[in-house]
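Here's the letter readout for the chains.
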Amino acid sequence: MNDDRLPPVAPEVTATLVENLSPRLRKRLDTAVTKLGARPTHRDGDTVTIQVDDETELRLHAPGGVVATADAITCGCLLAPACVHRAAAACAAPTADPPPELADRPTGAAPEPASAANPAPVPDSASSPSSQEVASPAQRAAADALWSAGAAVLEAGIDGAGAVTQSALLRAAHTARIRHLPRAAGAALSVVTLLRAARAGDPSYRTADFVTALAELLGTAHRVGTASGAELDAARGRARRPYSPDGSLRLYGLFTEPVVTDSGHGGVRTWVAGTDGRLFTVGDVAPGGVGRAVGVADRAVRLGDTALTHRELGRAGLAVSGATVSPDGRLGAGKGVKAVTARGAAWTELPLAALWETPPSEQAARALRSTSRYADPDGGGSDLLFLDVELIGAVRESAGTCLLALSDSGIAVRLTVADDDPALAHRDNLMLLAAAPGTRLRIIGRLVPAPHPRLTLLACAHPTGGGTIDLGLDRLRRADLPDPAAPVHPAPPQPGGPGAHSPLYLLERRVEQTVSAGRAALGMLGDVTAETRRIRRAGLPTAAGLLTALCTSAAQRERDLFGRLLPADTDSFATHWLTAALYTAAVADSLCAAAWEPVREGPAAEPSVPDRGPGRAVAQTAQH
């Protein structure tokens, strides 16, 4: 049985079924989930049946595609409804998104279904919070429950965070959602999803993603209890994407990129720019995977009365009246929006040419504000960079081959593919461009946070003539390339920067080790003096202090008067871990930004930690 065959189950349903189990059955729950995963399933309309054994069937009834009540899961065994099978089925199924009626309208950010028209703007009562406003007692209690559930995951590690631990997270997420804390609730659901992926051996699972999700959960829960005013509003989040009126817009197409998600959705996103240089997107993403992504590029844009396809819009223009725009630049397609086709502009013409005139360091700093691991979901901004480069050639890396280029500002940039799927043109186009060293190109790429300049290559000007190339959709031919010319550089420049050889990874790996194996594994490390000494020599004294504090906290256990070990202080350890996780992310962002700066001479200094992201107060307290 595959999890994706089961209908999604509401978080509160899973939590209720697990909580109703006897202590004896709870101990058997993880084994039951594994056994149930090997049993055959059958779908009949809204009902999925699992054959538990030769005589017993388990049914999940999902009207509307979601199992919304505990009674919708039934079992034919003799112990039902108090059996372990119902809870195991709920734990094995994907977690459903909460229904709209539980969402706090003024707060949260949910994915927009691009196949449907965007809703009209929602009045946002939280948009102008009082500077004295604080969380309600019910919200603080919900945040405390989220913190405790997240700390329990950190204590146990992935291997020890089974169905019961996940159930506590789901219950806390449900409570947070109805208490109007959608950002923290969403983080808790992400932690559960990644926990299940890790325990199932999903090849797409990355420990760094789990660290980000868990730190987002703990950091946001902490902020709810301590923040006020605008910071509290950011910590609460938004339950759905708000679209604000933006009047009339004159837009110029830039390019179209295919979008393929791990959840099986596919489509395209077309980028356009306004006369003032602001970037906007028009998307069409729905279930269908890479096949849909390729096909939908030639479908009409869902915006007003225009008949342009997405490919055409990427090279044409639009005049829009009654426009609505989300914080991240998505254009709404409500009934009041009118749009007609207009003349586009070449990348070398205003207003588009101005996008390439901004120094790369300023572009990278702007992009980091949206790509940072703990960026405010409503912060807006774009992660795109616009560069003029000279191609140097292919460079082999452990993850594959990338294209090395030299920007006009003298920065060596590594260009990688946005998606390796052979149905898309990214990989073939990059390999062709790598065979044309010396070629000068105007390009658009997406920032990849790294200690050296790195972009995923999305679009470029045609190498030998006018027009542009959508590198995920249009396929270059060898005839499109100029004759190979020797690059002016005798040796390919090596990407570098202040963080190219930073020992920050010594702290990062302990942060990741904790989520994988739990607090106890970190507590058994022993002396880390050699690691901290190396970190200090590199000019990162705060990182060295955080590593020492983290390992000391992991190993610390108090004893009572009789010498018996007392329960570990999970709150203190979670605080130290959160501080280290947020600090490493902030320093990584600073090193990335510094890599895009012109080379400067002088002694190295510890990068500054930006004053943003969840848990900043926690980090400041622990660092001092």
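First, a word on what this report is: a plain description of the structure on this page. (Residues numbered from 1 in each chain as written. Predicted model: local features only at pLDDT ≥ 70, side-chain atom pairs only at ≥ 80, totals over all residues. Heavy atoms only, no water.)

1. Here's the deal with the overall build of the protein chain
Summing up its helical and strand segments, the protein chain has 18 helices and 15 strands in all. When the accessible surface of the protein chain is totalled, it reaches about 27800 Å², and 52% of it is carbon and sulfur. (Helix = DSSP H or I, 4+ residues; strand = E, 2+ residues; numbered from the N terminus. Areas by Shrake-Rupley, 256 points an atom, 1.4 Å probe, with all protein chains shown as cover.)

2. Digging into the state of the cysteines
Taken as a whole, this structure holds 0 disulfides when the rule is applied. Free of any disulfide, cysteine 83 has its nearest neighbouring cysteine sulfur in cysteine 77, separated by 3.7 Å. (Disulfide = S-S within 2.5 Å.)

3. Points about the environment of alanine 72
Note that alanine 72 resides in the loop between strand 3 (57-61) and strand 4 (73-75). Judged by its relative accessible area of 13%, alanine 72 falls in the buried class. Residues alanine 72 and valine 9 lie 63 residues apart in sequence; the distance between their C-alpha atoms is 9.8 Å. (Buried < 20%, exposed > 50% of the residue type's maximum accessible area, 1.4 Å probe, protein only.)

4. A closer look at the pattern of salt bridges
Scanning the model with the defined rule gives 29 salt bridges in all. Measuring nitrogen to oxygen at the nearest pair gives 2.5 Å for the salt bridge that ties glutamate 397 to arginine 454. Taken as a pair, glutamate 397 in strand 10 (residues 384-397) and arginine 454 in strand 14 (residues 454-461) lie far apart in primary sequence, 57 residues in all. Members of the salt-bridge network, linked through shared partners, are Asp298, Arg311, Arg315, Asp470 and Asp474. (Salt bridge = Lys/Arg side-chain N within 4 Å of Asp/Glu carboxyl O.)

5. Looking at the nonpolar core
Residues Leu169, Phe210, Leu214 and Trp577 are the most contacted members of the largest nonpolar core, which totals 70 residues. Among residues more than four places away in sequence, those in contact with leucine 169 are Ala149, Gly150, Val153, Ala188, Val191, Val192, Leu195 and Leu217. One finds Ile50, Cys75, Ala93 and Ala163 within the second-largest nonpolar core, a separate group that totals 34 residues. (Core = buried A, V, L, I, M, F, W, Y, C linked by side-chain atoms within 4.5 Å. Contact = heavy atoms within 4.5 Å.)

6. Side note on helix 16 (residues 541-555)
In a regular helix each residue adds 1.5 Å, so 15 residues correspond to 21 Å; helix 16 covers 22 Å between its end C-alpha atoms and thus fits that length. Of the surrounding elements, those touching the buried residues of helix 16 are helix 13 (505-517), helix 14 (519-523), helix 15 (529-537) and helix 17 (570-595). (Expected span 1.5 Å × (residues − 1).)

7. With respect to the packing of helix 5 (residues 163-178) against helix 6 (residues 182-199)
The interhelical angle for the contact between helix 5 and helix 6, taken along N-to-C directions, is 160 degrees, at an axis separation of 8 Å. With respect to helix 6, the element helix 5 is oriented roughly antiparallel. In the packing of helix 5 onto helix 6, the handedness of the crossing is left-handed. Contacts from Gln166, Leu169, Leu170, Ala173, Ala176 and Arg177 in helix 5 reach Pro182, Ala185, Gly186, Ala188, Leu189, Val191, Val192, Leu195, Arg196 and Arg199 in helix 6. Of the residues belonging to the contact of helix 5 with helix 6, the class tally is 11 nonpolar, 2 polar and 3 charged. (Axes fitted to C-alpha atoms, helices over the stretch in contact; angles between N-to-C directions. Parallel < 35°, antiparallel > 145°, perpendicular 65-115°, else oblique. Left-handed = near helix turned anticlockwise from the far one by under 90°. Nonpolar A, V, L, I, M, F, W, Y, C, P; charged D, E, K, R; others polar.)

8. Concerning the sheet that holds strand 1 (residues 41-44)
Taken in spatial order, the 4 strands line up as 1-2-3-4 in an open sheet, and their pairing is antiparallel. Two strands close off the open sheet at either side, each with one partner strand: strand 1 and strand 4. This sheet shows a mean twist of 20 degrees between the axes of neighbouring strands, independent of strand direction. When strand 3 meets strand 4, the two strands line up antiparallel, connected through 3 bridges. Bridge pairing in strand 4 links leucine 58 to cysteine 75. (Pairing = 2+ DSSP bridges.)

9. What to know about helix 2 (residues 23-36)
Between its terminal C-alpha atoms helix 2 stretches 20 Å, which fits the 20 Å expected from 14 residues at 1.5 Å a residue. Roughly 45 degrees is the biggest bend found in helix 2, and it falls at leucine 29. Within helix 2, the full set of buried residues consists of Leu25, Leu29, Ala32, Val33 and Leu36. Buried positions along helix 2 lie against helix 1 (11-19), strand 2 (47-51), strand 3, helix 3 (84-92) and helix 5. (Bend = angle between axes of the 7 residues up to and from the residue.)

10. Examining the packing of aromatic side chains
The geometry of two aromatic rings is summed up by the distance between their centres and the angle between their planes. With the rule as written, the count across this model stands at 3 aromatic pairs. Summarising the aromatic geometry, the rings of tryptophan 347 and tryptophan 356 are spaced 5.1 Å apart at their centres and angled 35 degrees between planes, so their arrangement reads as tilted. Across the pair, exposure class does not vary: tryptophan 347 and tryptophan 356 are buried alike. Three or more aromatic residues joined by ring pairs make a cluster, and in this case those are Trp347, Trp356 and Phe386. (Phe/Tyr/Trp six-rings, centres within 6.5 Å; stacked < 30°, edge-to-face > 60°.)

11. So, the pairing of strand 6 (residues 265-274)
The element strand 6 is largely enclosed, with a buried count of 8 among its 10 residues. In this sheet, strand 6 lies alongside strand 5 (residues 244-260) in antiparallel orientation, the contact comprising 9 bridges. Its bridge partner being in strand 6, valine 260 is matched across the sheet by glycine 266. Of the pairings in the sheet, the one linking strand 6 to strand 7 (residues 279-287) comprises 9 bridges and is antiparallel in character.

12. Looking at the side chain of arginine 446
With respect to the helices and strands, the residue arginine 446 is situated in strand 13 (residues 440-447). Separated by 2.8 Å, the side chains of arginine 446 and glutamate 257 make a polar contact. If sequence neighbours within four positions are ignored, arginine 446 has contacts with Glu257, Arg269, Trp271, Asp383, Leu384, Arg454, Leu455, Thr456 and Leu458. (Polar contact = N/O pair within 3.5 Å; in protein donor to acceptor, adjacent residues only side chain to side chain.)

13. What to know about unusual backbone geometry
Residue proline 81 is bonded to the preceding alanine 80 through a cis peptide linkage, with omega at 5 degrees. Turning to its location among the elements, proline 81 is positioned in the loop between strand 4 and helix 3. Its identity as a non-glycine residue notwithstanding, histidine 180 has a phi of 65 degrees, on the positive side. Relative to the helices and strands, histidine 180 resides in the loop between helix 5 and helix 6.

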